[in-house]
Amino acid sequence: MSLHDDALLVLKGYEHQEELRRLYLDHLAAHPDAMWKACGAGHLTASALVIDPDRGRVLLTLHRKLGMWLQMGGHCEPGDESLALAALREATEESGISGLTLLPGGPVTLDRHPIPAPCTWHLDVQYAALAPAGAVAEISEESLDLRWFAYAEVPDVADASVVRLLERTRAAL
């Protein structure tokens, strides 16, 4: 997998995003294992917000370990050829929906959040995945629940990072 994969080098937009982009690139330069879960100083993850724009809704998973409504996502695996494909794999596995397609243009946003030891940080590269017409979600072993939420419901169930991801996804549509 390319360390400067997808659009990390060219992600444009918000000032805070530029700071995160620089932090990600510095982290990648300092840690040869920064793509992998074993990197204790923090590692990149890939996620995707599954969205059904025709019906004005998003699919969120009730994360088994965290007990929070989140977008689909997780750790990169050795077989992943890119962060985009890792995000698409995670979204497909966790949603049970085949035929997801990533919103063109690369990542929607970046998000850095602390995680419990032994690691320190997740440096999440966040995409949006478009659900095909008639998509039916199927819960995976990683989730306690899986549910479609109308755009307006998301701030009531999810944290600020998910709300921000939804806002930036809708702006990119």
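Anything mentioned here points back to the structure above.
Values in this document were obtained by computation on a predicted structure and should not be read as measured data.

A.B. asks: Looking at this model, I keep getting lost on helix α4 (residues 160–172). Mind explaining?
C.D. replies: One full turn of an α-helix is made of 3.6 residues, so residues set three or four places apart face in the same direction. Taking 1.5 Å of rise per residue, 13 residues should cover 18 Å, and α4 covers 18 Å from first to last C-alpha, within 8% of that figure. Of the residues making up α4, those classed as buried are Ser161, Val162, Val163, Leu165, Leu166, Arg168 and Thr169.

A.B. asks: Help me understand the nonpolar core, please; the structure alone is not making it clear to me.
C.D. replies: Of all hydrophobic cores here, the largest spans 30 residues; its most connected members are Val50, Leu83 and Leu100. Those elements giving two or more residues to this core turn out to be α1 (15–30), β1 (43–52), α2 (83–95), β7 (121–130) and β8 (143–150). Leaving out residues up to four positions away in the same chain, valine 50 has contacts with Arg57, Val58, Leu59, Met72, Ala91, Ile97, Leu100, Ala129, Ala131 and Trp148. Leu49, Val58, Leu62 and Phe149 belong to the second largest nonpolar core, which has 18 residues in total.

A.B. asks: Looking at this model, I keep getting lost on the environment of glycine 67. Mind explaining?
C.D. replies: By secondary structure assignment, the location of glycine 67 is in the loop between β2 (57–63) and β3 (69–70). For glycine 67 and aspartate 145, which are 78 residues apart along the polypeptide, the C-alpha to C-alpha distance reads 9.7 Å.

A.B. asks: When you look at the environment of threonine 120 in this model, what are you seeing that I'm missing?
C.D. replies: With respect to the secondary-structure elements, threonine 120 resides in the loop between β6 (109–114) and β7. What makes threonine 120 partly exposed here is its relative accessible area of 34%. Separated by 79 residues in the primary sequence, threonine 120 and alanine 41 have C-alpha atoms spaced 5.5 Å apart. Those residues in contact with threonine 120 that lie beyond four places of it in its chain are Gly40, Ala41, Gly42, His113, Pro114 and Ile115.

A.B. asks: Where do I start with the packing of aromatic side chains in this structure?
C.D. replies: Aromatic ring pairs: the centre-centre distance and the angle between the two ring planes describe each pair. Counting across every chain of the model gives one aromatic pair. Relative to phenylalanine 149, the ring of tryptophan 69 has its centre 5.0 Å away and its plane inclined at 75°; by these criteria the two rings are edge-to-face. Here tryptophan 69, found in strand β3, pairs with phenylalanine 149, found in strand β8; they are 80 residues apart in sequence, far enough to count as distant. Residue classification places tryptophan 69 among the buried residues on the basis of a relative accessible area of 11%. A relative accessible area of 5% places phenylalanine 149 in the buried class. Taking the ring centre of tryptophan 148 as reference, the NZ or CZ of arginine 57 above it sits at 3.9 Å.

What counts as what
- Residues numbered from 1 in each chain as written.
- Predicted model: local features only at pLDDT ≥ 70, side-chain atom pairs only at ≥ 80, totals over all residues.
- Heavy atoms only, no water.
- Helix = DSSP H or I, 4+ residues; strand = E, 2+ residues; numbered from the N terminus.
- Expected span 1.5 Å × (residues − 1).
- Buried < 20%, exposed > 50% of the residue type's maximum accessible area, 1.4 Å probe, protein only.
- Core = buried A, V, L, I, M, F, W, Y, C linked by side-chain atoms within 4.5 Å.
- Contact = heavy atoms within 4.5 Å.
- Phe/Tyr/Trp six-rings, centres within 6.5 Å; stacked < 30°, edge-to-face > 60°.
- Lys NZ or Arg CZ within 6 Å of the ring centre and 35° of its normal.

These figures capture arrangement, not role.
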